[in-house]
Amino acid sequence: MTKKLVLILLLFTCVLHAQHKTNIIAHLDSDKDLLSINQDLEIHNDSDVAWDYMILLDWANAFSSTQTPLATRFAEDFKNKFQFANDEERGRTTITTDSNFDQHYRIERLEGQQDIIKLYFNEPLLPGATRNIDLNYIVKIPEDDFTGYGKNSKGEYSLKHWYLHPAPFKNGAWDYYSHKDLDDFYGAPMDFSISLHIPATHRAISNITTVQEALPDTRHSYLFTANHNRGVILHVLNDIDIFKTYSVPGINIITDIDDSDVPLEMKVIFNDRIASFLQTRLGAYPEKDVFVSDRYYRENPVYGLSSLPSFINPFPAGFTYEIKMLKTLTRKWVDTGIHVNPRDEAWIQQSIMVYLMMQYQQLYYPDLKISGKLSNVWGLRGFNVTQLKFSESYPLLYLNSARRNLDEAVNTPADQLVKYNQQLGIPFKAAIGLNFLNDYLEDSSLEQSIRDYYTANHNAYTDVSDLRKIVQQDASKDVNWFFDDYITTHKQLDWTIRNVHKTKDSVSFRIKNKSQLNIPVPVYLLDNDSIIDKRWIEGVRGDSVISLSRKRANRIAINYEKLITEFNQRDNYKTLKGFPSLNRPLEFRLFKDVEDPERSQIFLMPDIEFNIYDGLTLGTRFYNGNLLPKPLRYSIKPGYGTNSNKIVGSVSLSYSHPVQNREERLYQVRYGVSANTFSYADDLLYRRASGFLQFSYRPKDLRSNKRQSLSFRNIYVDRDRDPSSPVDEPDYNVFSMNFSHSDNNLKRVFNYNIGTEVSSKFTKATYRMRWRKLFKNNRQLDFRVFAGAFLSNNSQSNGDFFSFALDRPTDYLFDYNYYGRSEDSGLFSQQLIVAEGGFKSQLEPAFANQWITTVNGSYSLWNYIHAYGDVGFVKNRDRDAKFVYDSGIRLNLLQDYFELYFPVYSNNGWEMGQDNYDQKIRFIVTLDINTFVKLFTRRWY
């Protein structure tokens, strides 16, 4: 006990005994959305070095242009609201100075970080000295569409990062970073006194104490104060009565989080229960009041659960309200009491928060399923996903990123994580690790360590080394693996059982540790589903042979309780029964579901496809895919064409090998085979078989949108003969090789492809490039270049079937999703797939059997209305190259998914005045749901 107290006292060495103070007088002009601020900042140098300058965080200025780090982050995440907003909808800070100020200070904004101010002192601030700085500035309040803070549509204001705040000075340097909408403000602690003056139409409330309130008819005034606070939030609303106070033992909870279906008495009970739980598991809240708003909750919500409407809410009465308050209060408790750098070591706060939520749910709702009452409904209860407990949802959501080979180390800085990992994957992975560590320790020492860590850091800066010291002090087992291996690597954890030898009384087997990490693993002896014995195996980096007394076990397993999330749990089980027992019995299931690692599952899914020749193709898909990606995928899709009255469909088999060495640019190797048959014209089928090998490359920085791939394909096509259009070779084989590069985000798109195709009749080479730029004035310029040439061509006897197309490729490899690929007239002949020449007008010559070069461009005129133009040269054998062009209006309703093209002028003349103009209009429509879903998932991965 004495050692523990000494350790806790040592952690207080970085406590700020003297700190900064600020007095702010702020006036709100609601007509212009301006906040006029006079700020007296008292700076105290508590370090042992003199300061020539200091860093002020001006995160309100992060909204000042589309070139700030915040704007760049929005573009990377494909958020377009900020990019398309006008200057009045964005925010900024305008600082005014006088000659007296200029004599003593100089203000400089850092290059590339417009929200960071470097304030130079004419005279250094010596250690232990204090200096007062008078600052005057005006803050333009942004719309709340961008981050949730700012002015809303009702004329109310939620203000965060609205004033200048000193950065922390740690270890001889200023510790700061720019606003990136990650809810990770990192300011030095200060004492606050804020005098706020607002229109009489509004009322104000804050996360700090309201000392005085004056409400005359002309203007309302407030005085807010706080000590040792790291960030002040103001809510200026039409009505603050929406905030309720729940007085529970030890704390007052002030919140506007509400649920009209939950009686007041239940809300009090829930808040009391949550507060008592947190006081027991963490310790007393550092302040007498805890202020949590609905806006604060929405920064980090419980995804999916809390958004369910009441009429389909399957959970117990008040559960969604309780889970919202649990998430919000736990986060607030941890944020206020544990002061880490929330960008570099966000995982510490997040892991403790999610771990406590897991403990709370296990304590009060141990048997509640994530589907609630739906888990007992006929037709739904047979799905594994409806039977998952809440504790099982965390590994499932984390494993989603691991299966995509997007797993990242727990201690990765938050701004370097892909969005899915930043929001879900890493917090859940870290909390799962704590839960695993708790089970491994087999006592309550981890709970004590978390309490000690929380108590020690109410007023101190802390980091992972402090947490490690306390956990090591309390633990009875070696815990170095957690800090050295688990939180520092992105490698996928995976174990398997090999070489089982059994006798009547014993069993021996080899455990293979595929990850090569020094992480313990639990081994189980099972009697069907009952645990007979559980043993922790430690220090196994490679292979290890284990011998156990068999007892009455008929199965052995690794990680049976799924305490740790493995990449593949399907090889964790071995039966000790004799033949014909299977390690994983075969199971057929209707519709996609979560994986059951104890069974070999085949899923059946109704499947519908469409082309005008087969009509609706109705069939069933047999495949092994579940709700999570997996390396080995197979699919068998037989179907019946309602128009053609033929059996059509496809089969495929592929394997994706993830490359986990992030120092290498090679990200994944994928290979496989496929075959399909559908109608390509009335009463005519094609049969296509192909094999492929693809190398995918991605930068070490997974947030980067850069992608590269090198692919090899061999395609064999067999077609039914068309008596009305005979060809010499209806059957052909083509080998293709392609290298592609892409770098796409909201502001800029750049990609290119270099490829070649080799057949017995021809050899061709192609180059495709696309560049798209979104300018500061929100105008968009789009360019596409295509160049193709035959290196050899003996296919003239087949007409232009293998030729380059100016506006509508023949698609002899059957790669494109044409709804009527053989149509020469009618609606489906107007379908546009921007490939090869990429023209929109139908011109002559329509094909090139020697070479072709085209440029396609468009420029936005207003919102989704664009002007387009295409130019190029078409060269056929024994003919001169011909210059071709067209132009028109493009309605870009949904980029690359739903577009309309209206020709205006081309080689054909003024097309709008010609006959049958409606037949000249071209359209892009994507019906493939998987392609459409990518439009929304691209910002997450």
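The name given to the chain in an unreviewed UniProt entry is Peptidase M1 membrane alanine aminopeptidase domain-containing protein, with the source organism recorded as Nonlabens xylanidelens.

1. Quick look at the overall build of the chain
From N to C terminus, the chain includes 14 helices and 47 strands. The globule rule puts the C-alpha radius of gyration for 941 residues at 30 Å, and the 33 Å found for the chain is close to it. Seen through its C-alpha atoms, the chain measures out along the principal axes to roughly 90 × 90 × 55 Å. Taking all 941 residues of the chain together, 54% fall into the buried category. Sequence separation of 24 or more characterises 62% of the internal contacts of the chain that already satisfy a separation of 6 or more. As displayed, the chain offers around 41200 Å² of accessible surface, 52% of which is attributable to carbon and sulfur atoms. Here the chain contributes 110 positively and 114 negatively charged side chains, and the mean placements of these two sets differ by 5 Å.

2. Some details on the nonpolar core
Counting 103 residues, the largest nonpolar core has Leu 282, Ile 352, Leu 437, Tyr 486 and Phe 509 as the members making the most contacts within it. Residues lining this core come from more than one domain, with at least three contributed by each of domain 2 (274-285 + 297-485) and domain 3 (495-583). Not counting residues within four places of it along the chain, the set of residues in contact with Ile 352 comprises Leu 282, Val 334, Ile 338, Leu 434, Ile 450 and Tyr 453. Among the nonpolar cores identified, the runner-up in size contains 53 residues, and Ile 24, Leu 119, Leu 135 and Phe 185 belong to it.

3. A short note on the sheet that holds strand β27 (residues 573-575)
With antiparallel pairing, four strands are arranged side by side in an open sheet as β24-β23-β26-β27. The sheet terminates laterally at β24 (530-537) and β27, the two strands that pair on one side only. Strand-to-strand twist across the sheet, computed as the mean angle between neighbouring axes with direction ignored, equals 15°. Bridge count for strand β23 (residues 521-527) against β24 is seven bridges, and the pairing is antiparallel. Along β24, the bridge assignment pairs Asp 527 with Ser 530.

4. A short note on the environment of Ser 515
Note on placement: Ser 515 falls in the loop between β22 (506-513) and β23. Given the relative accessible area of 5%, Ser 515 is considered buried. Separated by 26 residues in sequence, Ser 515 and Arg 541 have C-alpha atoms that sit 7.8 Å apart.

5. Side note on the domain arrangement of the chain
Once the domains are mapped, the chain shows domain 1 (21-176), domain 2 (274-285 + 297-485), domain 3 (495-583) and domain 4 (743-940). Between the C-alpha centres of domain 2 and domain 4 the distance comes to 49 Å.

6. Brief notes about the pairing of strand β13 (residues 190-199)
β13 sits mainly inside the fold: nine of its ten residues count as buried. Relative to β13, strand β1 (residues 20-29) runs parallel, the two being bridged by eight bridges. Within β13, the residue paired with Asn 23 across the bridge is Ser 193. Both β13 and strand β16 (residues 219-229) contribute to a ladder of nine bridges, which runs antiparallel. Bridge pairing in β16 links Leu 196 to Tyr 222.

7. Brief notes about a nonpolar patch on the surface
On the surface, Phe 775, Tyr 859, Leu 861, Trp 862, Tyr 864, Leu 893 and Phe 898 cluster together to form a nonpolar patch covering roughly 660 Å² of accessible area. In this fold, Leu 861 is placed in strand β42 (residues 851-862).

8. Remarks on the sheet that holds β22
In space, the three strands of this open sheet follow the order β21-β22-β25, with antiparallel pairing throughout. In this open sheet, the two strands that pair with only one neighbour each are β21 (495-502) and β25 (543-549). The average angle at which neighbouring strand axes cross in this sheet is 25°, direction not considered. Alignment of β22 against β25, held across seven bridges, turns out to be antiparallel. Paired with Lys 512 across the strands is Asp 543, a residue of β25.

9. Here's the deal with the pattern of salt bridges
According to the stated counting rule, one finds 56 salt bridges in the structure shown. Among the ionic pairs, Asp 33 bridges to Lys 151, the shortest N-O distance being 3.1 Å. Of this pair, Asp 33 sits in the loop between β1 and β2 (34-44) while Lys 151 is found in strand β8 (residues 150-151), placing the two residues 118 residues apart along the sequence. The pair formed by Asp 33 and Lys 151 is uniform in burial state, with each residue classed as buried. The salt bridge involving Lys 920 is made with Glu 911; its shortest N-O contact spans 3.9 Å. What makes Glu 911 buried here is its relative accessible area of 1%.

Criteria and cut-off values
- Residues numbered from 1 in each chain as written.
- Predicted model: local features only at pLDDT ≥ 70, side-chain atom pairs only at ≥ 80, totals over all residues.
- Heavy atoms only, no water.
- Helix = DSSP H or I, 4+ residues; strand = E, 2+ residues; numbered from the N terminus.
- Rg over C-alpha atoms; globule rule 2.2 N^0.38 Å.
- Buried < 20%, exposed > 50% of the residue type's maximum accessible area, 1.4 Å probe, protein only.
- Contact = heavy atoms within 4.5 Å.
- Areas by Shrake-Rupley, 256 points an atom, 1.4 Å probe, with all protein chains shown as cover.
- Lys, Arg positive; Asp, Glu negative; His and termini not counted.
- Charge placed at Lys NZ, Arg CZ, Asp CG, Glu CD.
- Core = buried A, V, L, I, M, F, W, Y, C linked by side-chain atoms within 4.5 Å.
- Domains from an automatic or database assignment.
- Pairing = 2+ DSSP bridges.
- Axes fitted to C-alpha atoms, helices over the stretch in contact; angles between N-to-C directions.
- Patch = residues over 30% accessible without salt bridge, like charges linked within 9 Å, V, L, I, M, F, W, Y side chains within 5 Å.
- Salt bridge = Lys/Arg side-chain N within 4 Å of Asp/Glu carboxyl O.

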